[in-house]
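Examining the three-dimensional arrangement
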Amino acid sequence: MSALWTVLRFLRRNVAGVVALALVAVLFLAARLPGVTREETTTLAGGYGFESRSIGLPQGLPERQIRAVNQDYANIDAWISSVGAAIAMNDLDGDRLANDLCVVDTRTDQVSITPAPVEGSDERYAPYALTSGDLPMNPHMAPMGCTPADVDQNGRMDLVVYYWGRTPIVHLAQPGVAQGPGAWRATELVPNAGGPTYTGEQWNTNAVAVDDFDSDGTLDLYVGNYFPDGPVLDPTRSGGVAMNASLSNAHNGGRDHVFRGVAGAPGQPASFVEQPGVLPDDISGGWVLGSSASDVDGDQRPELYLAQDHGRDAMLHNRSTPGQIRFEAVHGDRNPTAPKSKRMGADSFKGMAADFADLNRDGVSDLFVSNITQPYGIQESNFQWMATERTPEAMGAAMTEGRAPWVDDSTASGTAWSGWAWDAKAGDFDNSGNLAIAQATGFVKGETNRWPQLQELATANDTLVSDPAMWPRVSRGDDLSGNQPMRFFAPRADGGYADLAHELGLDVPTPTRGVATGDADGDGRLDLAIARQWEEPAFYRNTAPDAGNAMTLNLVREGTQTAGPGSPVVGATAEVTLPDGRKIVERVDGGGGHSGKRSSEVHLGLGAHDAPLPVTLRWRDATGATHTQTVDLAPGRHTVALGQAATVPTTPEDVR
């Protein structure tokens, strides 16, 4: 009895502490990652397969491992040098296969065009460096990404290359010219004074999205800047630069820009005109690292999501009219059981990339967002925003009221924590009809762990953060999450996900940045290309042993196939309903994410289904008019011309 009495007295004196410990235990059990057994992981991995292949790059270019930076950034030059690796997969040579790569290599600060390393690539063309032609340049700029897009909409894929230190360059594909530097004509997106040395605006761009935002039938362009305009990469300068004014709510970043496409006269290319005032200052001044555009509410006008480092992401509902681009920010409902940062549009996390995808195959758009999720560091979480409405029309009604109808399900699904996360792409890599998520991770690779110092900065007053001199040293040899491998979240039977990167041989311990997907060899399976920061890029040919059937659609603008393979109808969607009731809806992506760009093809995994299926196509024609048409298509590859109606092939195309 005396022992029991002693225990009771202890509990009475320490009731507050006991309750606190019990609460911590309950919250831990509720928040911990869902368990995945080794047996389940092995079984899941058996349905996937990737073969690593080297990507050919031009030889003889000078290489380095860190950038020269503004003198104010000398103490954090490795931090400033932590982005820029990029990769895009698309059809650049007109053979109707996504077997060409546009690679930005930080070791050389060059943009290279190279064949994807699949059968026959050696016979097509040699890798070469893209040049700026006679456009003015200077030594204090670096490319950050490459977005394929047929900007003049003549049937040949062009390239939008964006930089730190200057405005973007548009490389227009030249008709009848073999692959090589002469295959492109470099033009300015923003006119400047010209001359041999660039003296124009010093944008520092990390995100580009291409889509028809104002629904007039012509492509528009969003350009998201990170640092404020200034000489970030000029080691001869001191000053004119800054860091973020807050780690959780900064609005002093580079201003974003929105360009409206204007159709040219018959036979003439389109042009871009900047439309000011599209975004409010608190959103336009965010530190953007990623963007994604997709029609959520079914009106065939794309919404736009901005992943903002150092503060609130933005979900922008499209309320544009032809000739006038207009967005309104929407926000998730307040919820007493959810933290503020789990409310869309109110988070304080470090947004790095975003990708719209219907993750649960109910016909309504969900969204995956990468954040910093470093254990014992900055332990945020990724966002797996799942739609709460059951139809696109209901999603639109909610957004019209200013509400963002999504809730985060990353913890329960097993996608919350992955590391210092970057680009992410959802794709059906086994043609099961379900989407996996490939995600880049890792920051600065070195020998000396700098997380203790960074954690001190994370607790500092915001008035100190904007001064680069107050930041801890992150220079050559320092390490911040430098050994993190990329992630491959595969869907489980219970609706959650398991990371299979180790089992699939994708867990190389080096920082990755861009993720690109596409069917490079035309075998119906999505391949994977990865940009690595300060390391050579990687290509993973899909070798899934028992992949299901698939439908690959090239949805191109009617009348644009005479000059090339056809102009992708960005934003067009294809929908099929499988016998088990799942709706498979995919879109022609104009290039979302961080620094990786998927191909323009629409890839529909069909599982075991091998017969023709009704496919519902939705698109805007060149005048901006909307169309919906249902056609029967068999599994395989199809090129469908979209105009007033869809011109449908009678049989699948041969695989080359």
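Residues numbered from 1 in each chain as written. Predicted model: local features only at pLDDT ≥ 70, side-chain atom pairs only at ≥ 80, totals over all residues. Heavy atoms only, no water.

Going by the annotation in an unreviewed UniProt entry, the name recorded for the chain is CRTAC1 family protein, with Actinomycetospora aeridis given as the source organism.

Concerning the packing of aromatic side chains
The final tally for this structure, using the stated rule, is 20 aromatic pairs. For the pair Trp79 and Phe443, a centre-to-centre distance of 4.9 Å together with 75° between the ring planes defines the contact as edge-to-face. Pair noted here: Trp79 is in helix α4 (residues 77-80) and Phe443 is in the loop between β23 (436-441) and β24 (448-449), with a separation of 364 residues, a long-range link. Here Trp79 matches Phe443 in class, with each residue buried. Pairing Trp420 with Trp451 gives two aromatic rings, centres 5.7 Å apart and planes at 45°, and the pair type is tilted. In this pair, Trp420 sits in the loop between α7 (410-413) and β22 (421-427) while Trp451 sits in helix α8 (residues 451-458), placing the two residues 31 residues apart along the sequence. By relative accessible area, Trp420 is classed as buried at 3%. For Trp451, a relative accessible area of 6% gives the class buried. Three or more aromatic residues joined by ring pairs form one cluster here, namely Trp79, Trp420, Trp422, Phe443, Trp451 and Trp471. The ring centre of Tyr163 lies 5.9 Å from the NZ or CZ of Arg166, which sits over that ring. Against the face of Trp422 rests Arg513, its NZ or CZ located 4.2 Å from the ring centre. (Phe/Tyr/Trp six-rings, centres within 6.5 Å; stacked < 30°, edge-to-face > 60°. Helix = DSSP H or I, 4+ residues; strand = E, 2+ residues; numbered from the N terminus. Buried < 20%, exposed > 50% of the residue type's maximum accessible area, 1.4 Å probe, protein only. Lys NZ or Arg CZ within 6 Å of the ring centre and 35° of its normal.)

Some remarks on the pairing of strand β30 (residues 538-542)
Burial of β30 is extensive: 5 of the 5 residues sit out of reach of the surface. Burial of the side chains of β30 extends over both faces: Ala538, Tyr540 and Asn542 are buried on one face and Phe539 and Arg541 on the other. Relative to β30, strand β29 (residues 527-532) runs antiparallel, the two being bridged by 3 bridges. Looking across to β30, one finds that Ile530 is bridged to Ala538. Between β29 and β30, which pair antiparallel one after the other, the connecting turn spans 5 residues, and Trp534 there sits at a positive phi close to 65°. (Pairing = 2+ DSSP bridges.)

Re the nonpolar core
The nonpolar side chains of a soluble globular protein tend to be buried, and buried together. In terms of nonpolar packing, the biggest core is built from 95 residues, with Trp79, Ile80, Trp420, Phe488, Leu553 and Leu617 touching the most fellow members. Core analysis: the next-biggest nonpolar cluster, separate from the first, contains 21 residues, Cys102, Ile113, Val161 and Tyr163 among them. (Core = buried A, V, L, I, M, F, W, Y, C linked by side-chain atoms within 4.5 Å.)

Things to note about helix α3 (residues 38-45)
If you check which residues of α3 are buried, you get Thr41, Leu44 and Ala45. Down the axis, α3 shows its buried residues gathered within 95° of arc, on one side only. Turned more than 90 degrees off the buried face of α3, the exposed positions are Glu39, Thr42 and Thr43. (Arc of directions from axis to C-beta.)

Section: the side chain of Ser121
If you trace the backbone, Ser121 turns up in the loop between β4 (110-115) and β5 (128-129). Among residues more than four places away in sequence, those in contact with Ser121 are Pro115 and Ala116. (Contact = heavy atoms within 4.5 Å.)

Regarding helix α6 (residues 392-400)
Looking only at α6, the buried set comprises Met395, Gly396, Ala398 and Met399. Down the axis of α6, the sector holding all buried residues measures 160°, keeping them to one side. Exposed and oriented more than 90 degrees from the buried face of α6 are Glu393 and Thr400. Lining the buried residues of α6 we find β15 (303-309), β16 (314-318), β17 (327-330), β20 (383-387) and β21 (406-408). Just beyond α6, the residue with positive phi is Gly402, at close to 90°.

Regarding the state of the cysteines
Scanning the entire structure with this criterion turns up 1 disulfide. Between the sulfur of Cys102 and that of Cys146 lies a disulfide, 2.1 Å long from S to S. In this structure, the disulfide formed by Cys102 and Cys146 twists by about 105° around the S-S bond and is classed as right-handed. One end of the pair, Cys102, is in strand β3 (residues 100-105); the other, Cys146, is in strand β6 (residues 142-149), and 44 residues separate them in sequence. For the pair formed by Cys102 and Cys146, the shared burial category is buried. (Disulfide = S-S within 2.5 Å.)

Notes on the UniProt feature "domain: ASPIC/UnbV" (unreviewed entry) in the chain
Taken from the UniProt record, the annotation "domain: ASPIC/UnbV" (unreviewed entry) applies to residues 570-627. Annotation note: span residues 570-627, helix share 0%, strand share 48%, distance between end C-alpha atoms 14 Å. (UniProt positions renumbered as here; feature names shortened; annotations may be inferred.)

Concerning the sheet that holds β30
The antiparallel open sheet is built from 4 strands, whose spatial order is β1-β30-β29-β28. Strands with a single pairing partner mark the edges of an open sheet, and in this sheet they are β1 (50-54) and β28 (512-518). Pairs of neighbouring strands in the sheet enclose a mean axial angle of 25°, with direction left out of account. Bridging between β28 and β29 involves 5 bridges; their strand directions are antiparallel. Residue pairing in the sheet places Thr512 in a bridge with Arg532 of β29. (Axes fitted to C-alpha atoms, helices over the stretch in contact; angles between N-to-C directions.)

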